[in-house]
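Here is what each chain is made of, one letter per residue.
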Amino acid sequence: MKAIDGKKIASDIVDELTVSTASIQGPKPCIAFVRVGEDPASVSYVRGKNRTAEKIGITPILCAFENSISQETLNAKIDALNADPSVNGILVQSPLPSHLDEQSAFNRIDPTKDVDGFHVVNAGRVVQEDANGFVSCTPAGIIEICQREGISLEGKHVVVIGRSLIVGKTFALLAMQNGPQANATVTVCHSRTRNLKEITRQADILVAAIGRPEMVTGDMIKDGAIVIDVGINRVGDASKKKGYKLVGDVNFAEAEPIASRITPVPGGVGPMTVAMLMKNTVKAYELQNQK
Ligand code: NAD
C-alpha cells in the first residue's frame, strides 16, 4: 500500500503497551498532564492522551489550571510532581499562555520524568546519541513508522523542511545518528532556504514539518520518493460540520502519484505522537523501577 497507515501502526503500539502494562504487578505506570487554560485544541489533545493512557492501563492524572496562573504556581506544581514517586511521567501541554515561559517549564521537569522529551538534558541526549533519554514524540514516531514499514534511512538523502525542536531539528538529528534506523545524509531546509525546490527534488525521503497547508507541491518531489507529512493545518471547509478540514503541509493529490510511499493527513504521523508518548511513559516507569 502506498499510503502509510499511521493510525494502524499507532494502534499496534497501543496494543503492545497494553499487554506489557497488564503484566506489571503493583502500581501501574502513571502520567501527569499539566494543562493551563481552556484552549480548545489543548483540551482536546489532553483528553485524547488521557483516553489512550486509560486504555493501556497507564494511570493518568490531570492537573488543570486557570489561564492566569503565575510561573511560580506552575513551577511549584511541577516540583510536587517531580517529588511524587508514584508519578512516572509529566507532560506540560503546549502552548502555554504567553505570560508563561514554556521552555523554563519544560526544563523544570525532572529529566527522568520528561516523557515529552523537551528538557534540555533530553535534547542533549539526542545529540549525544544516548538511548537512555526521552526523544520527543513526533520525531520518534517518524522513526518508528520507518522501522515498522521497512523503510531504511541508511545512506538515503533525507531532506527535512522545518527546524523546530519539536519536529524538524530533532528528526534531522535522529536521522543522521550513527546507528540502526539512521545513517542518513540529511539536509535541513527552513524559511530562509534558497532554491527550496531544487533541494527537495533531491530527497529520497522528504519530511515536511512547516505548518503551511499543502505548501509542498508535486513538482518539489522526486519520482519514487518517500514523503512524510507532519503538518496539521485547519483550512475552512463549509461542507464539514466543524467548518474546517485538516490538511498536511504536502499537497496529497499531487504528491500521491509521484511518491512511492506517503503519510496522509489525518491518519499518518499524527496518531504516532500519542502512541510514542505512551511508549516513553512505560520506558520512564521501567527506568525508574530498575533494580
Ligand atoms: P514551527 O512553526 O515551530 O516550525 C516551522 C518550521 O517551518 C520553521 O523551522 C520554519 O523555518 C519552517 N518554514 C516556515 N515557512 C517556510 C517556508 N516557506 N519554507 C521553508 N521552511 C519554512 O512548527 P512545528 O511545531 O515544527 O510544526 C510544523 C507542523 O507540524 C505544523 O503543521 C504542526 O501542526 C505540525 N505538528 C504535528 C505534530 C503531530 O503530532 N503530527 C506534532 C507537532 C507539530
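Remember, it's a predicted structure, so these values are computed and weren't measured experimentally.

Caption draft 1: How the structure looks around the site of the ligand. Every one of the 21 residues lining the ligand counts as a neighbour, but Arg163, Ser164, Ser191, Arg212 and Thr273 are closest to it. Within the side chain of serine 164, a nitrogen or oxygen atom sits 2.5 Å from an oxygen atom of the ligand. One of the backbone N or O atoms of serine 191 is found 3.0 Å from an oxygen atom in the ligand. The fraction of the free accessible surface of the ligand (860 Å²) that becomes covered by protein chains is 73%. For the shell around the ligand, the class distribution of residues is nine nonpolar, 10 polar and two charged.

Caption draft 2: Spotlight on helix α2 (residues 40–56). If you check α2, its first and last C-alpha atoms are 25 Å apart, about what 17 residues at 1.5 Å a residue would give, namely 24 Å. Turning to α2, its buried residues number three or more, namely Ser42, Val43, Val46, Gly48, Lys49, Asn50, Thr52, Ala53 and Ile56. One or two steps after α2, the chain reaches glycine 57, where phi turns positive at roughly 100°.

Caption draft 3: Representation of unusual backbone geometry within the structure. In this model, serine 94 is joined to proline 95 through a cis peptide bond whose omega is 0°. Positionally, proline 95 belongs in the loop between β3 (89–92) and α4 (102–108). Even without a glycine there, the phi angle at asparagine 183 is positive, about 65°. Turning to its location among the elements, asparagine 183 is positioned in the loop between α7 (168–175) and β5 (185–189). One non-glycine residue, asparagine 195, lies in positive phi territory at about 55°. Residue placement: asparagine 195 occurs in the loop between β5 and α8 (196–200).

Caption draft 4: Up close: the side chain of asparagine 233. Examined against the element boundaries, asparagine 233 turns out to sit in strand β8 (residues 233–236). The buried category is assigned to asparagine 233, whose relative accessible area is 8%.

Caption draft 5: Examining the pattern of salt bridges more closely. Applying the stated criterion across every chain yields a total of 10 salt bridges. Of the charged contacts in the structure, one is a salt bridge between arginine 148 and glutamate 144, with a shortest N-O distance of 2.9 Å. One end of the pair is arginine 148 and the other is glutamate 144, both in helix α6 (residues 137–148) and four residues apart, which spans about a single turn. Residue arginine 148 is classed as partly exposed on the basis of its relative accessible area of 32%. Across the pair glutamate 144 and lysine 279 runs a salt bridge, and its minimum N-O distance is 3.1 Å.

Cut-offs applied
- Residues numbered from 1 in each chain as written.
- Predicted model: local features only at pLDDT ≥ 70, side-chain atom pairs only at ≥ 80, totals over all residues.
- Heavy atoms only, no water.
- Near = heavy atom within 4 Å.
- Polar contact = N/O pair within 3.5 Å; in protein donor to acceptor, adjacent residues only side chain to side chain.
- Areas by Shrake-Rupley, 256 points an atom, 1.4 Å probe, with all protein chains shown as cover.
- Nonpolar A, V, L, I, M, F, W, Y, C, P; charged D, E, K, R; others polar.
- Helix = DSSP H or I, 4+ residues; strand = E, 2+ residues; numbered from the N terminus.
- Expected span 1.5 Å × (residues − 1).
- Buried < 20%, exposed > 50% of the residue type's maximum accessible area, 1.4 Å probe, protein only.
- Salt bridge = Lys/Arg side-chain N within 4 Å of Asp/Glu carboxyl O.

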